[in-house]
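Per-entry structural report
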Amino acid sequence: VQMTDSIDPRELVHFALRVYFASNVVALFIYPVLGLIIHACGVDSIVLITLLGAVRSLQYAFGNQLGDAAVEMAKPHWLATFERTRLVFPGC
């Protein structure tokens, strides 16, 4: 792990692109499968519909919102705010 004293906006944008990519891959593969199960197979149990809602909420909240936050933090007026911020994991 390389420690740096400054946050590079390009790294934040690259992180956002990776998060958006992962979010879109989840959406591309999971939603059609759940849609086929619900509509084509006629399975409309409350558990499956709740699972669809949970996947949708997590995919949007953790995927798109995390990417949006990284892009916003990469803008010059935010970089000064996070200039000396470090990511610290408990126990490290």
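Residues numbered from 1 in each chain as written. Predicted model: local features only at pLDDT ≥ 70, side-chain atom pairs only at ≥ 80, totals over all residues. Heavy atoms only, no water.

Notes on the overall build of the chain
- Across its full length, the chain holds three helices and zero strands.
- For the chain, the α and β elements follow one another from N to C terminus as α-α-α.
- For the chain, the share of sequence-separated contacts (at least 6 apart) that also reach a separation of at least 24 residues comes to 76%.
- Of the accessible surface of the chain, which amounts to about 7200 Å², a share of 69% is contributed by carbon and sulfur atoms. (Helix = DSSP H or I, 4+ residues; strand = E, 2+ residues; numbered from the N terminus. Contact = heavy atoms within 4.5 Å. Areas by Shrake-Rupley, 256 points an atom, 1.4 Å probe, with all protein chains shown as cover.)

Structural notes on the packing of helix 1 (residues 9–40) against helix 2 (residues 46–73)
- Contact geometry for helix 1 and helix 2: axes closest at 8 Å, N-to-C directions at 165°. One element, helix 1, and the other, helix 2, form an angle in the roughly antiparallel class. For helix 1 against helix 2, the interelement crossing comes out left-handed.
- Residues of the contact of helix 1 with helix 2, tallied by class, amount to 21 nonpolar, five polar and two charged. (Axes fitted to C-alpha atoms, helices over the stretch in contact; angles between N-to-C directions. Parallel < 35°, antiparallel > 145°, perpendicular 65-115°, else oblique. Left-handed = near helix turned anticlockwise from the far one by under 90°. Nonpolar A, V, L, I, M, F, W, Y, C, P; charged D, E, K, R; others polar.)

What about the side chain of Gln59?
- Looking at the element boundaries, Gln59 is found in helix 2.
- Of the polar contacts made by the side chain of Gln59, one reaches the side chain of Ser23; its length is 2.6 Å.
- For Gln59, the side chain forms a polar contact with the side chain of Tyr31, separated by 2.7 Å. (Polar contact = N/O pair within 3.5 Å; in protein donor to acceptor, adjacent residues only side chain to side chain.)

As for helix 2
- The terminal C-alpha atoms of helix 2, which comprises 28 residues, lie 39 Å apart, in line with the 40 Å expected from a rise of 1.5 Å per residue.
- Taken as a whole, helix 2 has its buried residues at Leu48, Val55, Gln59, Gly63, Gly67 and Ala70.
- Against helix 1 lie the buried residues of helix 2. (Expected span 1.5 Å × (residues − 1). Buried < 20%, exposed > 50% of the residue type's maximum accessible area, 1.4 Å probe, protein only.)

Here's the deal with helix 1
- Between its first and last C-alpha atoms helix 1 spans 45 Å; for 32 residues at 1.5 Å apiece the expected length is 46 Å, and the two agree.
- Of the positions making up helix 1, those classed as buried are Leu12, Ala16, Val19, Ser23, Ala27, Leu34 and Ile38.
- Its buried side turned inward, helix 1 meets helix 2 and helix 3 (76–79).
- In the stretch just after helix 1, Gly42 is the one whose phi turns positive, near 75°.

Here's the deal with the side chain of Ser23
- Checked against the element boundaries, Ser23 lands in helix 1.
- In this structure, Ser23 is in contact with Gln59, Gly63 and Asn64, ignoring residues within four places of it in sequence.

Considerations on a nonpolar patch on the surface
- A contiguous nonpolar surface patch, about 360 Å² in accessible area, is contributed by Val26, Leu28, Phe29 and Ile30.
- Position of Ile30 relative to the elements: it lies in helix 1.
- We classify Ile30 as partly exposed; its relative accessible area is 33%. (Patch = residues over 30% accessible without salt bridge, like charges linked within 9 Å, V, L, I, M, F, W, Y side chains within 5 Å. Salt bridge = Lys/Arg side-chain N within 4 Å of Asp/Glu carboxyl O.)

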